[in-house]
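Close look at the chain arrangement
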2 protein chains.
Amino acid sequence: MYSNELIKGTLKTIVLNLLTKQGKMYGYEITQHVKEATDGKIQLTEGALYPLLHRLEADGLLTTEKVSIGKRVRKYYKLTKNGAETSTDLVKEFKEFSNTMNRLLESYTVNPSFHG
Amino acid sequence: MYSNELIKGTLKTIVLNLLTKQGKMYGYEITQHVKEATDGKIQLTEGALYPLLHRLEADGLLTTEKVSIGKRVRKYYKLTKNGAETSTDLVKEFKEFSNTMNRLLESYTVNPSFHG
DNA sequence: CCTTGATACCTAAGAATCTAATGTATATTT
DNA sequence: AAATATACATTAGATTCTTAGGTATCAAGG
């Protein structure tokens, strides 16, 4: 499990990307999927996930559909057109950011151009 | 310039790693170095940086040394033993997190093991 | 001289988002 | 019958960032 610091700021990217690939998912399913796909290294908490899903719906990136399973009701989320575009953008941005960070962390330059 | 969401949570890693490589730096120098090293893609704001430096010093990860340059005073920061260890840990953690995220974002699995 | 931009430090109000805890209820397994 | 898993949700508090502002020195150009 990673320090939660890092996961902050990537939650939206993870959720939108997952919905891009899976079509529709419900909240609990998202937490389990991410947990399994990362061997438990990333575990989304419900206290962070549900408010995010509600925000994304309010912002028009997701729509919901309620499905009854016995006496329980699942709330499925899927992307709107806008949500699909945002998903693509955020994934691209994360990859670029990831590259930039790895370059920054690996460069052993001795302050080549700064003249304090 | 990246959406600030992503930079959140990586600021500490960036600063400690930079000090590992450079030995000692002052606040303004850090902002300029990161800006130049990333072609302006990552720009630290002073409102985020200075409070962080103060926290890191209070937590015993950094020590300071004031150096007079004419009538101005620069405040140089360098790592303590504890800070050096934390730096190594955070960089390692970021790289692992980065790998995990990239795998997660790229996998096109159709929910192989989840049984909702 | 004086203004502008760069250097160099700092704080503080408010916003955003996460954590941790808690609540409710149904379904399944032991 | 009890424990665990499924499935939704909210809330107080903490953390950390943004935005804006404040102070002051130094160098360069008009």
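See the structure above.
Keep in mind that what you see is a predicted model, and the values were worked out from it rather than measured. (Residues numbered from 1 in each chain as written. Chains lettered and ligands numbered in written order. Predicted model: local features only at pLDDT ≥ 70, side-chain atom pairs only at ≥ 80, totals over all residues.)

Examining the sheet that holds strand β2 (residues 62-69) of chain A
All names here are of chain A. The three strands are arranged β1-β3-β2 in an open sheet whose pairing can be described as antiparallel. Strands with a single pairing partner mark the edges of an open sheet, and in this sheet they are β1 (24-26) and β2. Strand-to-strand twist across the sheet, computed as the mean angle between neighbouring axes with direction ignored, equals 35°. Each of β1 and β3 (72-79) is contacted by helix α3 (residues 27-37), which is oriented at about 95° to β1, the strand it contacts most. Sitting on the sheet, helix α4 (residues 46-58) touches β2 and β3, and the angle it makes with β2 is about 125°. (Pairing = 2+ DSSP bridges. Helix = DSSP H or I, 4+ residues; strand = E, 2+ residues; numbered from the N terminus. Axes fitted to C-alpha atoms, helices over the stretch in contact; angles between N-to-C directions. Contact = placed C-beta atoms within 7 Å.)

Overview of the sheet that holds strand β3 (residues 72-79) of chain B
Residue and element names in this part refer to chain B. Across the sheet, which stays open at both edges, the three strands sit in the order β1-β3-β2 with antiparallel pairing between neighbours. Strand pairing shows two members of the sheet lacking a second neighbour, β1 (24-26) and β2 (62-69), which therefore form its edges. Adjacent strand axes in the sheet meet at a mean angle of 35° when their direction is disregarded. Of the strands in this sheet, β1 and β3 are in contact with helix α3 (residues 27-37), which crosses β1 at around 95°.

Thoughts on helix α2 (residues 11-22) of chain B
Residue and element names in this part refer to chain B. For α2, which comprises twelve residues, the first-to-last C-alpha distance of 16 Å matches the rise-based estimate of 16 Å (1.5 Å per residue) to within 8%. Here α2 has its buried residues at T13, I14, V15, L16, N17, L18 and L19. Remark: G23 follows α2 within two positions and exhibits a positive phi of approximately 85°. (Expected span 1.5 Å × (residues − 1). Buried ≥ 20, exposed ≤ 12 C-beta atoms within 10 Å, placed from the backbone.)

Some thoughts on the interface of chain A and chain B
Taken together, the contact pairs 36 residues of chain A with 36 residues of chain B. Those elements that provide at least two residues to the side of chain A that touches chain B are α1 (4-7), α2 (11-22), α3 and α5 (81-106) of chain A. Here the side of chain A that touches chain B gets eleven residues from one element, more than from any other, and that element is α5 of chain A. Classifying every residue of the side of chain A that touches chain B gives 13 nonpolar, 15 polar and eight charged. (Nonpolar A, V, L, I, M, F, W, Y, C, P; charged D, E, K, R; others polar.)

Fair warning: the whole summary comes from geometry, so function is off the table for now.
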